[in-house]
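Geometric and topological summary
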Amino acid sequence: MTELERRIKAKIPGEDTGIEVRHTMCDICSPGMHCGINAYIKDGKVIKIEGIDGHPVSDGRLCTKGMANREYIYREDRIKTPLRRIGKRGEGKFEPISWDEAYAEIAKQLNARKETYGPESVAFYSGYSKWYRQTLRRLAYAFGSPNYGCESSACYTAAFMAWKMAAGEQGDPDMENSDLFLGWAFNPFYSRYMGAKHAMELKEKGLKFIIVDTRRTPTSEKLADLFLQPKSGTDGALAHAIANVLIENGWIDKPYIDKYVYGFEEYAEYVKQFNETNVEELTGVPYELVVKAAQMIHENPKMSCNESSAPLCHHRNGLQNYRSVMALLAITGNFDRTGGQILNPHTFMHVACGFETREHDYLYENRPKEAKEPVGAERFPLWNYLEGEMQAMDMPRQILEGKPYPLRAIFALGLNGRMFPDSGRMFKALESLDFFVDTDLFLTDTAKWADIVLPACSSFERGEFKPYHGGLAWYTSPVIERIGEAKSDVEICTELARVMDLPDEVLKKGYEYFIQHYILDDFHVTVDELKKVELPVKIAEVTHHKDMEMLEKGLPTLTGKFELKSAIIERHPEWGLDPLPTYRQPLNDADPEKYPFVFTSGSRIPGAIHSRLHKVPRNRSLRPDPMADMNLGDCEKLGVKEGDLITISTEKGSLTVKVHPTLTVQEGLVNLFHGYSEADAESIMDGDHLDPYSGFPAYRSTRCAVKKA
Ligand SMILES: Nc1nc2c(c(=O)[nH]1)N[C@H]1C(S)=C(S)[C@@H](COP(=O)(O)OP(=O)(O)OC[C@H]3O[C@@H](n4cnc5c(=O)[nH]c(N)nc54)[C@H](O)[C@@H]3O)O[C@H]1N2
Ligand SMILES: Nc1nc2c(c(=O)[nH]1)N[C@H]1C(S)=C(S)[C@@H](COP(=O)(O)OP(=O)(O)OC[C@H]3O[C@@H](n4cnc5c(=O)[nH]c(N)nc54)[C@H](O)[C@@H]3O)O[C@H]1N2
Ligand SMILES: [Mo]
């Protein structure tokens, strides 16, 4: 081997090797992360990736998912051209067509639905990706439909709703200044490694941790000073029991409550019923540990709490459980206070960067005024009141029933039918549509049901505006050519708006116009300037929080106070919801004799994210088969050992997977990751086992039976 060959083999950048390093970012997980990537490019192809040293947020690091980027963008099932279905729905037979043909067909079909049934009969839906959502929402509104909606009908929004009800805005933990962190459903080691690093550093500096998790995890082992392991979805009862001990012992901040909290007396009366007589039966947590938790809270007065976007809310009682945990912050005077939970408004795309933008104007200024209520509005009135977008979990029902009005077409970016509980029903609904467009990088199981499939490009093939916390911003540039004829989602939405000549000049001007005029103008920065910087730069001063400033000014709630009792719900008795954070048990009504176990699905595993990485070989090799965790004792009783097949059955159906006997879960619980084609967790869930407050699905609490397969 020559020296040059050796250098090429070692992927060393240089003019002689023809290898160049360009900066991009990972968009496989949430916008709160988006770690910086050095992409090593040779002959137009990415041959290696690594983290960017000095990136102000990720500083050289990438997680198991981020490391998958190269294999992810070159997955074999990447779509290269627009496709038209020629086989049956779901069969996967398509013919390539041109972009012009695709747009023309979409315009024709969507307009025909509008003509026959009204603009609301077309829904505009986004899967987990978020970067293009403002443009998609504007497209929906420009078309005249109120039905913009997304995966956030099952992620994070329920928490946001709880915050809006209590305080009018989202709170975040001020962990650096806390004495105690209440890590309720907190396992960043698997779901956001930077959070884990941060927590470890603070632990070293003396921060105390209470961890509340249905499973033992790296977090419970490495961080917990006290670990509570409740049964799935019983968090509300546990929080109330802790509150009751705090109140009984006078370990609360009475002057703070008197001045800033609404509904305390009734709440205090209500939580009395969660006590030593029933807490262990309700939650599985011994009463001594409840008292210990209360004691720790009392001894460590500055307490902040984890914001859980998923596991706490993935129950039919999820939003109320969330409010119950938040109540602990209010009664101990830890809201809007240093070391507690402080208000942190979103800057852009679900990220709180510490500065304000006019994103909201862009999102809502073209919202149709005369339109019908969005999907789910009747069934989930609180959701509709607070969010005003479609509650997508009600989409399959409405498609199939046509009530309160027909929903006949979907234009989607990254729709995954397998994230809808009772996914079988969702696929039936897709089958019954007049017209379905799906846009994805890959020809997924869901895309196979579409009439037209559009090829989206990856974050390596496009540029996008990317703000980070701390007042930072970046505008990435493509590091490779587009694969096939793929386009970026915002181009697709904009071009479609132009082809259809929708009445929205701002939308038709495109994404860069939006970023420039609604976001960057206020900071006197141009898109072109930002594109030139190699790494995120500071564009705005961060507004620093002043202790109790918001409380003193009056919170943006109906009462101006932190509401333990929701004044919004009080004013709407017709909704049939409780103003107090009342508790009800989480499980569905199936016969407990027949279905003695609890099926929970979705607790994160390090190497996978939803449906995205199961087909990436290096990640798949970390866990080659879908695998359900069960307690060792249960496995012994069932006579199964590591790797044996078990069948998990619910009232909806059954699936067969390998079993992993473990002590991380308690007896009675069956835990499986989701998003697999061959073991679809959602296929055995009830599509109507939803939280009436938020519409969120109960992914984590279905009664099931288990037997050896
Ligand atoms: N059982 C169970 N189910 C769950 C959960 C759970 O805990 N348990 N969690 C829920 C939560 S919190 C979430 S956030 C959802 C995730 O919801 P999903 O939307 O199911 O998430 P993904 O599978 O990551 O992505 C959806 C699709 O988007 C495509 N995609 C990726 N990048 C792009 C892009 O740039 N453009 C376009 N057009 N498409 C792209 C992917 O290929 C994929 O097919 O799942 C929910 N489902
Ligand atoms: N590797 C990986 N990372 C991800 C994702 C992924 O799919 N894979 N998804 C991303 C997305 S969209 C989201 S929303 C976040 C979610 O991020 P997290 O909220 O961290 O996700 P989980 O791992 O589902 O839940 C955290 C912990 O809550 C526990 N838990 C489950 N049910 C309950 C319950 O009823 N009560 C209590 N107290 N604890 C419970 C689980 O055992 C788990 O250890 O992760 C993001 N990061
Ligand atoms: Mo999520």
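Residues numbered from 1 in each chain as written. Chains lettered and ligands numbered in written order. Predicted model: local features only at pLDDT ≥ 70, side-chain atom pairs only at ≥ 80, totals over all residues. Heavy atoms only, no water.

**Some words on the overall build of the protein chain**
The secondary structure content of the protein chain amounts to 26 helices and 27 strands. Against the compact-globule benchmark of 27 Å for 709 residues, the protein chain has a radius of gyration of 25 Å, which places it among compact chains. Each of the three principal axes of the protein chain carries a C-alpha extent, and together these read 70 × 60 × 50 Å. Buried positions account for 63% of the 709 residues belonging to the protein chain. By sequence separation, contacts in the protein chain at least 24 residues apart represent 73% of the contacts at least 6 residues apart. (Helix = DSSP H or I, 4+ residues; strand = E, 2+ residues; numbered from the N terminus. Rg over C-alpha atoms; globule rule 2.2 N^0.38 Å. Buried < 20%, exposed > 50% of the residue type's maximum accessible area, 1.4 Å probe, protein only. Contact = heavy atoms within 4.5 Å.)

**Notes on the site of ligand 1**
The full set close to ligand 1 counts 33 residues, and D440, D489, S611, R612 and E682 are the nearest of them. Side-chain polar atom of S129 to a nitrogen atom of ligand 1: 3.1 Å apart, as the coordinates give it. Residue D489 places a side-chain N or O atom 2.7 Å away from a nitrogen atom belonging to ligand 1. In the complex, 99% of the free accessible area of ligand 1, which totals 910 Å², lies under the protein chains. Among the residues forming the shell around ligand 1, the class breakdown is 13 nonpolar, 12 polar and eight charged. (Near = heavy atom within 4 Å. Polar contact = N/O pair within 3.5 Å; in protein donor to acceptor, adjacent residues only side chain to side chain. Areas by Shrake-Rupley, 256 points an atom, 1.4 Å probe, with all protein chains shown as cover. Nonpolar A, V, L, I, M, F, W, Y, C, P; charged D, E, K, R; others polar.)

**Comments concerning the sheet that holds strand β4 (residues 83-85)**
An order of β5-β4-β17-β16-β15-β6-β7 is seen for the seven strands of this open sheet, with the pairing classed as mixed. Strands with a single pairing partner mark the edges of an open sheet, and in this sheet they are β5 (94-96) and β7 (148-150). Each strand of the sheet is rotated relative to its neighbour by a mean of 20 degrees, with strand direction disregarded. Here β4 pairs with β5 via three bridges, running antiparallel. Note that in β5 the partner of R85 across the bridge is F94. Contacts from helix α19 (residues 489-499) reach β15 (409-413), β16 (435-440) and β17 (452-455), with the element oriented near 145 degrees to β15. (Pairing = 2+ DSSP bridges. Axes fitted to C-alpha atoms, helices over the stretch in contact; angles between N-to-C directions.)

**What to know about the site of ligand 2**
Close to ligand 2 lie 30 residues; S191, D213, R215, D235 and A608 are nearest. In the model, an oxygen atom of ligand 2 is placed 3.5 Å from a nitrogen or oxygen of the S603 side chain. Interatomic distance of 2.9 Å between a side-chain N/O atom of R700 and an oxygen atom of ligand 2. Relative to its unbound accessible area of 910 Å², ligand 2 is 97% covered by the protein chains. Among the residues making up the shell around ligand 2, the classes are represented as 13 nonpolar, 11 polar and six charged.

Note that all results are geometric; they support no functional claim without further evidence.
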